[in-house]
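# Residue-level structure breakdown
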Amino acid sequence: MIKTKTFPIKFKDPSGNEVSTEFTLRRPTIGDRIKINAVKRTYSSSPEDIDAENTAIILATIDVLSERKPEWFKINEIDETFILILTKLYLDFIKWRDSESYSIIKEEASSTPKP
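About the criteria used
- Residues numbered from 1 in each chain as written.
- Predicted model: local features only at pLDDT ≥ 70, side-chain atom pairs only at ≥ 80, totals over all residues.
- Heavy atoms only, no water.
- Phe/Tyr/Trp six-rings, centres within 6.5 Å; stacked < 30°, edge-to-face > 60°.
- Helix = DSSP H or I, 4+ residues; strand = E, 2+ residues; numbered from the N terminus.
- Buried < 20%, exposed > 50% of the residue type's maximum accessible area, 1.4 Å probe, protein only.
- Lys NZ or Arg CZ within 6 Å of the ring centre and 35° of its normal.
- Contact = heavy atoms within 4.5 Å.

## Examining the packing of aromatic side chains
- Inspection of every chain in the model, using the stated rule, returns nine aromatic pairs.
- The interplanar angle of 80° and the centroid separation of 6.3 Å between the aromatic rings of phenylalanine 7 and tryptophan 96 together place this pair among those described as edge-to-face. Here tryptophan 96 lies in helix α3 (residues 83–111) and phenylalanine 7 lies in strand β1 (residues 4–12), a separation of 89 residues in the sequence. Here phenylalanine 7 matches tryptophan 96 in class, with each residue buried.
- Clustering of aromatic rings is evident, with ring pairs tying together Phe11, Phe23, Trp72, Phe73 and Phe82.
- The side chain of lysine 5 reaches across the aromatic face of phenylalanine 7, ending 5.6 Å from its centre.
- Sitting over the face of the ring of tryptophan 96, arginine 27 holds its NZ or CZ atom 5.3 Å from the ring centroid.

## A look at the environment of isoleucine 85
- Assignment of secondary structure puts isoleucine 85 in helix α3.
- By relative accessible area, which is 18% here, isoleucine 85 ends up buried.
- In sequence terms isoleucine 85 and phenylalanine 11 are 74 residues apart; their C-alpha atoms lie 7.7 Å from each other.
- In this structure, isoleucine 85 is in contact with Ile9 and Phe11, ignoring residues within four places of it in sequence.

The structure is reproduced here in structure tokens:
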């Protein structure tokens, strides 16, 4: 099972300049999941505000699981315009994480002897 994946990111910054960067994220451990939840709580105190809650989950996940991230990725300094870029990164990460997990479950199910 692949433990990390590098996700290339390309976008235009607020000045219109092309930016090409990447994040390397690792598969979460149980400890990572606990840490993500703790970090998320520091950034979202209102579960009723779905946008804030989702943003906190995205930022906490990227922050905790990053093996390598761009210099500009500092949670307290990120401009709101970057949330769409980070949301796409998060969704690509989830797709990778879940596809890997699903293949393991599928292999285990197919190798289980039938009664």
